[in-house]
Every structure is written in structure tokens, then in C-alpha cells.
Amino acid sequence: MPEAKRPIPRAFKWLLIGLAGAIFVGANAHFVYMAIATQPACIEHIKEKGQQPNQFRAAASAC
């Protein structure tokens, strides 16, 4: 006779759902914090349209 599968307890399912939710919220909070707390340094870039093909400039310079 095949052995019957034991159902996963309801509390364990909710624990996994809660853990996944906490990881999701924590990761997004980290992304928001990093977006607010960091400021990339200014780098040299072309200020005017380049004469050669494939020379690009910043759309709006913050420097």
C-alpha cells in the first residue's frame, strides 16, 4: 500500500508566507534607503553634442 502524503501544517505555510513577505519588504526598504542615501559622483562628460558618431552627452547635467 502506498504511504499517504502528510499535509503541510497550516502554521508552517503561514510562517513561510510571512518570511517571504518580510524579505520582500526588507529588500525594498534597502533599495529605497540606498537611492536616498547615495549620490553618484560627477564624472567628465561631453557638454555639447559631439562631432563624431557615438559621442553622447548627459541629457541633464547635475554638475
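Residues numbered from 1 in each chain as written. Predicted model: local features only at pLDDT ≥ 70, side-chain atom pairs only at ≥ 80, totals over all residues. Heavy atoms only, no water.

Participant: Hey, could you run me through the overall build of the protein chain in this one?
Facilitator: When you go through the protein chain residue by residue, the secondary structure sums to one helix and zero strands. Scored against the burial criterion, the 63 residues of the protein chain give a buried share of 2%. (Helix = DSSP H or I, 4+ residues; strand = E, 2+ residues; numbered from the N terminus. Buried < 20%, exposed > 50% of the residue type's maximum accessible area, 1.4 Å probe, protein only.)

Participant: So what exactly am I meant to see when it comes to a nonpolar patch on the surface here?
Facilitator: Together, Ile-8, Phe-12, Leu-15 and Leu-16 line one region of the surface with nonpolar side chains, adding up to about 390 Å² of accessible area. Counting through the fold element by element, Phe-12 comes out in helix H1 (residues 10–37). The partly exposed category is assigned to Phe-12, whose relative accessible area is 42%. (Patch = residues over 30% accessible without salt bridge, like charges linked within 9 Å, V, L, I, M, F, W, Y side chains within 5 Å. Areas by Shrake-Rupley, 256 points an atom, 1.4 Å probe, with all protein chains shown as cover. Salt bridge = Lys/Arg side-chain N within 4 Å of Asp/Glu carboxyl O.)

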